[in-house]
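If you want the building blocks of each chain, they are given just below.
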Amino acid sequence: MSTRLVIENATVVTVDPDLGDLDRADVLVTDELITAVGPDLVVTDAERVDGSGMIVLPGFVDTHRHTWQSAIRHSYGDVDPLTYFRDVLGGLGPSYTAEDVRVGTELGAVSALSAGTTTLMDWAHIQNTPDHTEAGIDALTAAGGRAVFGYGWPLTADGRWTDASALGHPQDIRRLRAGRLASDDQLVTLAMAARGPEMATPEVWRDDLLLARELGLRTSVHVGAYAHNARHHAVTQYDAAGLLGDDLTFVHCGHSSDAEIAAIAAAGATVSLGVQCELNSAGIGDIPLDRLLHHGIRPSLSGDTETKCAGDMFTQMRMIFGYYRSWTGGGHSALAEPPALSLRNVLEFATIEGARALGLDHKIGSITPGKQADLILLRATDLNLVPVSDPVAAVVLAAHEGNIESVLVDGRFVKRAGRMSSDQAPLLARVEQSNNRLLAALR
């Protein structure tokens, strides 16, 4: 039998241009789907949730999170990025056990849900063994959110996977696509986290992308993060090879040229910005939002790595809005007339644009009848939000995880009355053990 739930008398920010914002409306959920949105819905045989004093939003979508690092969160925020690359990717990463991957990933995924991120692109470049891979997927499944598992590569101390690597993408990805992650209609799905021209030889990065396309997978790749990456002209190489496409998401792009950004736009590819981590990382430089908007690219947002930033979307939204307004208003943009940026644009980056970057905008990213019921309920009566004169402004400028009353994924409560639905105490005990072991190895 179908289950029905109706959220009544809420302020509904649909992020659907045809529906807009509704001051007092109901949202009907039947099983996993949103089936109606509007004022005074006539609904029988449904669980009723009082939405009075609530803002209802689509769940946030994070398009790039190295979730396996969450158990050592905040340990590299005050150091040079080269130290992070040396210690975490070249040092700790090769020593991670499958259990370390499991607890770090589950901690990050559960924390994301608690903060309203209902869909997470887990950028998992920690595929040291098939057991590590299975542990990451197990963790995403246990967390209960919607996730895209970005299958990356093994971490080794000698850099053979990342320094002009002649090693092709691990073929174990075929096993997952044929088995556990064969379907694109389940809560945890598969993508490729690729190395690209900055890390692999031309033959390898081309074959890797063709492998992803053979398997029907989207591909995410870091490009242009630091000045030294610019010499590779990674996007230009994809373009010259005739391989740019709308199944590609480029992460960072701070040192990508204007011609490369124009090529991304022309191909219909997408860009993910890890805003706080980019601002916290000495040497990354300008976040290219002005150039992206100029070329018609509306980016998505990400928590990147919690080793040096917060993972939640409230933080990313506030930081990109404040950074952009300050940067362009101070005359720093190279553009004579940098495009305008509204608070609503920023909310869209965290919702529908994230869904689009993951190829899921037909399923999530807005409160639209027929889409999956991934929803956030915020208490608009909390002291930091009341009075709410503009719900979008309240969310982007002032809301935080503590304002979240409930979170639904696929029509199910994963957080209700301000509390996660599952007991996290056993997980936190395992996290402490992993954290102590990993950080002790650095001392």
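Quick caveat: nothing in here was measured; it's all calculated off a predicted structure.

End to end, helix H10 (residues 313-329) covers 24 Å across 17 residues, agreeing with the expected 24 Å (1.5 Å per residue, within 8%). The complete set of buried residues in H10 reads Met 313, Phe 314, Thr 315, Gln 316, Met 317, Ile 320, Phe 321, Tyr 323, Tyr 324 and Thr 328. Sitting at the head of H10, Asp 312 places a side-chain oxygen 3.2 Å from the backbone nitrogen of Phe 314. Just past H10, the residue Gly 331 takes up positive phi, approximately 75 degrees.

The next thing to look at is the pattern of salt bridges. Within this structure, the stated rule accounts for 31 salt bridges. When the shortest N-O distance is used, the salt bridge between Arg 213 and Asp 247 registers 2.8 Å. Taken together, the positions of Arg 213 in helix H5 (residues 202-214) and Asp 247 in the loop between helix H6 (234-240) and strand E11 (248-252) put the pair 34 residues apart, joining distant regions of the chain. Its relative accessible area of 29% is what places Arg 213 among the partly exposed residues. Residue Arg 356 pairs with Asp 361 through a salt bridge whose shortest N-O separation is 4.0 Å. We classify Arg 356 as partly exposed; its relative accessible area is 36%. Bridged by salt links that share partners, the residues Glu 99, Arg 102, Glu 134, Asp 138, Asp 172, Arg 175, Arg 180 and Arg 430 form one connected network.

Right, let's talk about the state of the cysteines for a bit. Applying the stated rule across the entire model yields one disulfide. There is a disulfide in this structure between Cys 277 and Cys 309, and the S-S distance comes to 2.5 Å. On the S-S bond that ties Cys 277 to Cys 309, the torsion sits near -80 degrees, and the link is left-handed. With Cys 277 in helix H8 (residues 275-280) and Cys 309 in the loop between strand E13 (300-301) and H10, this residue pair connects regions lying 32 residues apart in the sequence. Its relative accessible area of 4% is what places Cys 309 among the buried residues. As a non-bridged cysteine, Cys 253 has Cys 277 as the owner of its nearest cysteine sulfur, 16 Å distant.

The subject of this paragraph is the pairing of strand E14 (residues 375-379). Counting buried positions over the five residues of E14 gives five, a clear majority of the element. Strand direction decides the pairing type here: strand E5 (residues 54-58) and E14, joined by five bridges, are antiparallel. Across the sheet, residue Leu 57 finds its bridge partner in E14, namely Ile 376.

What the eight strands build is an open sheet, ordered E6-E7-E8-E9-E10-E11-E12-E13; its pairing is parallel. The open sheet is flanked by strand E6 (60-65) and E13, the only strands paired with a single partner. Pairing geometry for E6 and strand E7 (residues 117-124), over four bridges, is parallel. Note that in E7 the partner of Arg 65 across the bridge is Asp 122. Relative to E6, H10 is tilted by about 85 degrees, and along the sheet it contacts E6, E7, strand E12 (270-273) and E13.

Attention now moves to the pairing of strand E15 (residues 404-409). Burial analysis of E15 places six of its six residues in the buried class, which makes it a mostly covered element. Bridge count for E15 against strand E16 (residues 412-416) is three bridges, and the pairing is antiparallel. Within the sheet, the bridge partner assigned to Val 407 lies in E16 and is Lys 415. From the end of E15 to the start of E16, which pair antiparallel, there are two residues, and Asp 410 there has a positive phi angle of about 60 degrees.

Rules of the game
- Positions within a chain are numbered from 1, following the residues in the order the chain's sequence is written.
- Local features in this predicted model are restricted to residues of pLDDT 70 or higher, and side-chain atom pairs are both shown and tallied only at a pLDDT of 80 or more, whereas totals for entire chains, interfaces and linings draw on every residue.
- By convention in this description, side-chain values take in all heavy atoms of the structure and omit both hydrogens and water.
- Secondary structure counts use DSSP, requiring at least four H or I residues in a row for a helix and at least two E residues in a row for a strand, with both numbered from the N terminus.
- Each residue after the first adds 1.5 Å to the expected span of a helix.
- Residue burial is assigned from relative accessible area. The probe radius is 1.4 Å, only protein chains are included, and a residue is buried under 20% of its type maximum, exposed over 50%, and partly exposed in between.
- N or O atoms closer than or at 3.5 Å make up a polar contact, with two conditions inside protein: a donor-capable atom paired with an acceptor-capable one, and, for residues adjacent in sequence, both atoms drawn from side chains.
- What makes a salt bridge here is a side-chain nitrogen of Lys or Arg within 4 Å of a carboxyl oxygen of Asp or Glu, nothing more.
- For the purposes of this analysis, a disulfide is any pair of cysteine sulfur atoms at a distance within 2.5 Å.
- Following DSSP output, two strands are said to pair if at least two bridges run between them.
- Any pair of residues with heavy atoms lying within 4.5 Å of one another is described as a contacting pair.
- Inter-axis angles, ranging from 0 to 180 degrees, are taken between N-to-C directions of lines fitted to C-alpha atoms, where helices are fitted over the stretch in contact.

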